Amino acid sequence: MLRECYRVLRPDGLLVVAAIELTPNLKDLDLHRALELGPADVHAEAALGEMLQRSGFELVIERDVTREFRVRIRQRLDALARNEQALRREEGDDVVHEEREKRARMLKAVNQGLLRRTIVVGRAEKSLMQTSDGVT
Amino acid sequence: MHPPANTRLFEEKYLRFQSEAGARFRAASGGSVPNGWTTVEQAEWMAATVGLAPGERLLDLGAGRGWPGELIAQHTGAQLLSVDVPIEALRQGRARMREALGARVWQVCGDGRALPIGDGHFSAVCHTDVLC
């Protein structure tokens, strides 16, 4: 997908990506726990910045927004608790349970330093010869 | 073009919390933010960072209900193409995005791995909470 982003950008166009990712350089047991606790599709191949670079981008900015992410997860869990009775009635027990478990695991992973959220900005380095305008 | 194998899971995600209690929960979870983990401050920072001029083209890939591409397009005056796989997400964001951006927004149901768009068409792309 990052290579598609590169393709459709004009030369020097910017790509902004925000993602939850594994904390870099996790070893064995920590890596295993991070993959268990994190979102189902969290990737383990490389840090986000490195993935951008591999796709042809110059990494311009890397911003760690884990602190804000932690606050948002807690907000979500608090909102779930406050509305739990009504949610169980209207959405079903399974939905509420799944949401709570998923967010609680994610918060645990963040608090243990296993997961982070990052915003990266990459510049599409390409010559003018590499582009053509138009929609197919 | 074949949709991703987990399209059904993506669609189901957007069918959840559409009840009255669900709406209260979503509002309490993120305030004015329609969806996702990107805060208003972060979206405003993105808008300032991409430095788009009015009329330039922005792609929001994996846009869901339209966040944060909608805010970036509002702040910059850019034209916005909002792309995602689940039609339900696009449907839920349509009225709000039309009100915010008028004729400057298009929505396309599509797979980000094979976009029906020519090379070099956009000045900026935002892609939030899709890789994960």
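See the structure above.
Since this is a predicted model, take the numbers as computed values, not measurements.

Caption draft 1: Summary view of the packing of helix H3 (residues 40-50) of chain B against helix H4 (residues 69-76) of chain B. Residue and element names in this part refer to chain B. Two elements in contact, H3 and H4, have axes whose closest approach is 9 Å; the angle formed by their N-to-C orientations is 50°. On the basis of the axis angle, H3 is oblique to H4. Between H3 and H4 lies a crossing of right-handed hand. Packed against H3, whose contacting residues are Val40, Ala43, Glu44, Met46, Ala47 and Val50, the element H4 presents Leu71, Ile72, His75 and Thr76 at the interface. Counted by class, the contact of H3 with H4 contains seven nonpolar, two polar and one charged residues.

Caption draft 2: Region of the structure containing the interface of chain B and chain A. If you look at the interface, chain B gives 48 residues, while chain A gives 52 residues. With both chains or domains summed, chain B and chain A bury close to 4,600 Å², and 58% of this area falls on carbon and sulfur atoms. The interface formed by chain B and chain A holds five salt bridges in total. We note a salt bridge from Arg10 of chain A to Glu56 of chain B, for which the minimum N-O separation is 3.8 Å. On inspection of chain B and its partner chain A, the count reaches 26 residue pairs in polar contact (both at pLDDT 80 or more).

Caption draft 3: Representation of the side chain of Arg103 of chain A in the model. Within the element layout of this structure, Arg103 of chain A appears in helix H6 (residues 93-111). Taking relative accessible area as the criterion, Arg103 of chain A reaches 11% and is therefore assigned buried. Ignoring any residue separated from it by four or fewer positions in sequence, one finds Arg103 of chain A in contact with Ile73, Arg76 and Leu77 of chain A together with Trp37 of chain B.

Caption draft 4: Representation of the sheet that holds strand E3 (residues 105-109) of chain B within the structure. Pairing within the open sheet is mixed, and its seven strands lie in the order E2(A)-E3(A)-E1(A)-E4(B)-E1(B)-E2(B)-E3(B). The open sheet has two edge strands, strand E2 (57-64) of chain A together with E3 of chain B, and neither has a second partner. Across the sheet, the axes of successive neighbouring strands diverge by a mean angle of 15°, strand direction being ignored. Across six bridges, the pairing between strand E1 (residues 9-22) of chain A and strand E4 (residues 122-128) of chain B is parallel. The residue bridging Leu15 of chain A from the neighbouring strand is Val125 of chain B, located in E4 of chain B. Sheet contacts for helix H5 (residues 87-101) of chain B: strand E2 (79-84) and E3 of chain B; angle to E3 of chain B, the most-contacted strand, approximately 175°.

Quick notes on the rules
Residues numbered from 1 in each chain as written. Chains lettered and ligands numbered in written order. Predicted model: local features only at pLDDT ≥ 70, side-chain atom pairs only at ≥ 80, totals over all residues. Heavy atoms only, no water. Axes fitted to C-alpha atoms, helices over the stretch in contact; angles between N-to-C directions. Helix = DSSP H or I, 4+ residues; strand = E, 2+ residues; numbered from the N terminus. Parallel < 35°, antiparallel > 145°, perpendicular 65-115°, else oblique. Left-handed = near helix turned anticlockwise from the far one by under 90°. Contact = heavy atoms within 4.5 Å. Nonpolar A, V, L, I, M, F, W, Y, C, P; charged D, E, K, R; others polar. Buried area = accessible area lost by both parts, 1.4 Å probe. Salt bridge = Lys/Arg side-chain N within 4 Å of Asp/Glu carboxyl O. Polar contact = N/O pair within 3.5 Å; in protein donor to acceptor, adjacent residues only side chain to side chain. Buried < 20%, exposed > 50% of the residue type's maximum accessible area, 1.4 Å probe, protein only. Pairing = 2+ DSSP bridges.

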